Amino acid sequence: EGVFILMYICGHKVTNKAAHMKFESTLKFAQELDQKDPLATFRTRFHFPTFHHPNPVYFTGNSLGLQPVTAADYVQEELEAWSKFGVEGHFLAKRPWFSYHENLTQMAAKIVGALPIEVVVTHSLTTNLHLLMVSFYRPVGKRVKILCEEKAFPSDQYALASQVAFHGLPQDALVEVGPRQGEQLIREEDILAKIQELGDELALVMIGGVNYYTGQYFDLAKITKAGHAVGAVVGFDLAHAAGNVNLHLHDWNVDFAAWCGYKYLNSSPGGVSGMFIHENYAHNKSLPRFAGWWGHNKEVRFQMEPGFDPIPGAEGWQLSNAPVLGMAAHLAALEIFDEAGMDKIGEKRDLITSYLEFVIDSISEKYRDKCSFELITPRDKKQRGSQLSIKVMGQGIELFKRICALGVLADWREPNVIRLAPVPLYTSYEDCFHFGQALEIGIASK
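Remember, predicted model here, so these are calculated numbers, not experimental data.

Brief notes about the overall build of the protein chain
When you go through the protein chain residue by residue, the secondary structure sums to 13 helices and 17 strands. Expected size for 446 residues packed as a compact globule is a radius of gyration near 22 Å; at 23 Å, the protein chain falls within 12% of this value. Taken over the C-alpha atoms alone, the protein chain extends approximately 70 × 60 × 35 Å along its principal axes. The 446 residues of the protein chain split such that 57% are buried. Intrachain contacts of the protein chain at a sequence separation of at least 6 include 71% that bridge at least 24 residues. Total accessible area on the protein chain is roughly 18,500 Å²; 53% of this is exposed by carbon and sulfur atoms. Each charge class in the protein chain was averaged separately, 42 positive and 51 negative side chains, and the resulting centres sit 4 Å apart.

Some thoughts on the environment of Asn55
Within the element layout of this structure, Asn55 appears in the loop between β3 (46-47) and β4 (57-58). The partly exposed category is assigned to Asn55, whose relative accessible area is 47%. As for Asn55 and Leu27, which are separated by 28 residues in sequence, their C-alpha atoms are 16 Å apart.

Let's talk about the sheet that holds strand β9 (residues 202-208)
Taken in spatial order, the seven strands line up as β6-β12-β11-β10-β9-β7-β8 in an open sheet, and their pairing is mixed. Each having just a single partner strand, β6 (119-122) and β8 (174-177) make up the two edges of the open sheet. Taken pair by pair, the neighbouring strands of this sheet meet at an average axis angle of 20°, ignoring direction. Relative to strand β12 (residues 273-277), strand β11 (residues 256-260) is paired through five bridges, and the arrangement is antiparallel. Paired with Cys260 across the two strands is Ser273, which belongs to β12. With respect to the sheet, helix α5 (residues 125-136) is in contact with β6, β9, β10 (233-237), β11 and β12, its orientation differing from that of β11 by roughly 170°.

A word on the pairing of β12
Within β12, five of the five residues are buried, which leaves it mostly tucked inside the rest of the structure. Bridge analysis of β6 against β12 gives four bridges, and the strand direction is antiparallel. Within β12, the position partnered with Val121 by the bridge is Gly274.

Describing the confidence of the model for the protein chain
With 95% of its residues at a pLDDT of at least 70, the protein chain reaches an overall mean of 93. Confidence over residues 1-19 falls short of pLDDT 50; this stretch has 58 contacts with residues more than four positions distant or in other chains.

A short note on empty space enclosed by the protein
Applying the stated rule across the entire model yields one cavity of 30 Å³ or more. The calculated volume of the largest cavity comes to roughly 40 Å³. Looking at the largest cavity, the residues that line it are Glu357, Ile360, Asp361, Phe373, Glu374, Leu375, Arg379 and Ile390. Counting residues per element, the ones that place at least two in the lining of the largest cavity are α11 (342-366) and β13 (372-375).

With respect to the side chain of Asn211
Relative to the assigned elements, Asn211 resides in the loop between β9 and α8 (220-229). In this view, Asn211 contacts Glu149, Glu150, Lys151, Ala152, Gln216, Phe218 and Gln387; residues no more than four positions away in its chain are not counted.

Observations concerning the packing of helix α7 (residues 188-198) against α8
Across the interface, α7 lies against α8 with an axial gap of 9 Å and an inter-helix angle of 15°. Taken together, the axes of α7 and α8 lie roughly parallel to each other. At the point where α7 passes α8, the crossing takes the right-handed sense. Contacts from Glu188, Ile191, Leu192 and Ile195 of α7 reach α8 at Lys222, Ile223, Ala226 and Gly227.

Observations concerning the pairing of strand β7 (residues 145-149)
Summarising burial for β7: four of the five residues are buried, a large majority. Of the strand pairs in this sheet, β7 and β9 are connected by three bridges, and their pairing is parallel. Of the residues in β9, the one forming a bridge with Leu147 is Val205. Bridge count for β7 against β8 is four bridges, and the pairing is parallel. Residue pairing across strands places Glu149 opposite Val177, the latter belonging to β8. Viewed along the sheet, the connection from β7 through helix α6 (residues 154-166) into β8 turns out right-handed.

Notes on unusual backbone geometry
For the bond running from Glu414 to Pro415, omega is 5°, close enough to zero to count as cis. Note on placement: Pro415 falls in the loop between β16 (411-413) and β17 (417-420). You will see that His123, though not glycine, has its phi angle at about 55°, which is positive. Relative to the helices and strands, His123 is located in the loop between β6 and α5. One non-glycine residue with positive phi stands out, namely Asn253, at about 65°. Examined against the element boundaries, Asn253 turns out to sit in the loop between α9 (249-252) and β11. By relative accessible area, Asn253 is classed as partly exposed at 30%.

Quick notes on the packing of helix α1 (residues 27-36) against helix α13 (residues 429-444)
Two elements in contact, α1 and α13, have axes separated by 7 Å at closest approach and are oriented at 155°. Between α1 and α13, the angle is such that the two are roughly antiparallel. Contact residues: α1 offers Leu27, Ala30, Gln31, Leu33 and Asp34, while α13 offers Tyr429, Glu430, Phe433 and His434. For the contact of α1 with α13, the per-class residue count stands at five nonpolar, two polar and two charged.

Here is what the cut-offs are and how they apply
- Residues numbered from 1 in each chain as written.
- Predicted model: local features only at pLDDT ≥ 70, side-chain atom pairs only at ≥ 80, totals over all residues.
- Heavy atoms only, no water.
- Helix = DSSP H or I, 4+ residues; strand = E, 2+ residues; numbered from the N terminus.
- Rg over C-alpha atoms; globule rule 2.2 N^0.38 Å.
- Buried < 20%, exposed > 50% of the residue type's maximum accessible area, 1.4 Å probe, protein only.
- Contact = heavy atoms within 4.5 Å.
- Areas by Shrake-Rupley, 256 points an atom, 1.4 Å probe, with all protein chains shown as cover.
- Lys, Arg positive; Asp, Glu negative; His and termini not counted.
- Charge placed at Lys NZ, Arg CZ, Asp CG, Glu CD.
- Pairing = 2+ DSSP bridges.
- Axes fitted to C-alpha atoms, helices over the stretch in contact; angles between N-to-C directions.
- pLDDT = per-residue confidence, 0-100.
- 1 Å grid on protein atoms, 1.4 Å probe; cavity = no way out; pocket = protein on both sides within 12 Å on 5 of 7 lines; lining within 4 Å.
- Points joined across faces, edges and corners; volume = space filled by probe spheres on them.
- Parallel < 35°, antiparallel > 145°, perpendicular 65-115°, else oblique.
- Left-handed = near helix turned anticlockwise from the far one by under 90°.
- Right-handed = clockwise from strand over helix to strand, strands pointing away.
- Nonpolar A, V, L, I, M, F, W, Y, C, P; charged D, E, K, R; others polar.

Structure below.
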């Protein structure tokens, strides 16, 4: 019953230009897509929450990814090593804690399109952003301004505003670029124009790679090039981009970036974060930074001598020794990504997001007199990842509650937006079909 009543939504076919194929709103068609899906078996590598429904449709991987089946074993290994070896686990554990983060580097680098020397996994996301801005936000003279997107994730806005205040600058040093009047998305030309307008007053561009609210994916290569052209440093918060969209940070010449491990990367609540610092800065020991013991030359670290000697590359931004339990969970997830590969993940991302878009459009058309939806996420697959944000017009949060009661785990954002994340590694096309069922039942049951 509920979300699993077998029924047709509309029963018609349309051409979906983004996916270059004809979609059908039938269970049979969704199951056929699953049978052809090269990533279908990865679904079994994750635990699905069953606290309110035995077979949920999990569309909140953009907030917290599912737990890899191997995560518990990996964490337990370290608990047992702690029990068996105590402090000597730093050197005697199966994966010695002293170098545990090194197990993650190469796999994390592949996910964001970086060289291993450019990546380290450590700390938490906002901590890393602050550490990076200590090094890369260096206001001087009239070059003091930071450019970010309007309605960035609040943590980013707090971090940026506090950096401005820390340097004793007025709050108007933080400049936002937003959608035009009556529009939902930020036009790429407006970002580039604002960079050009700020010119030699611009010290830092710091934008979220994928906007958490609308799901809009910005052209990071163009933004980086434009920022550099006016002499600014360019960095990105990739919390909603890493593991979601195909990134090439090294080739794009991005100065720095940070991302969390707990959203699309499925690596435990509040889990460890990744940092990217371009190879251009790898051997610049004079670059200002907040130093810590774990970023010090590992060859002589235990000699406990004064004077900070940073490890070349991103490792030099580490502060404290590795949070091994969190890294163990991250290792379990990164191994899955490494096996699947971002190319295949990207191919499915575009197809399954387009299929979900088709399902939503079909129902919106069918019920437009009772309840319809405006997709505020770009329809161009090059401008989005595995997220669709729909503005509900007609029934609002009550509809959201009804579809959740039918087994859908989605996300409500005030005043009237439902965010949906069809994550390629564990979302099936049948999930999208069943979501459509829940949506139709929720509308019709009012």
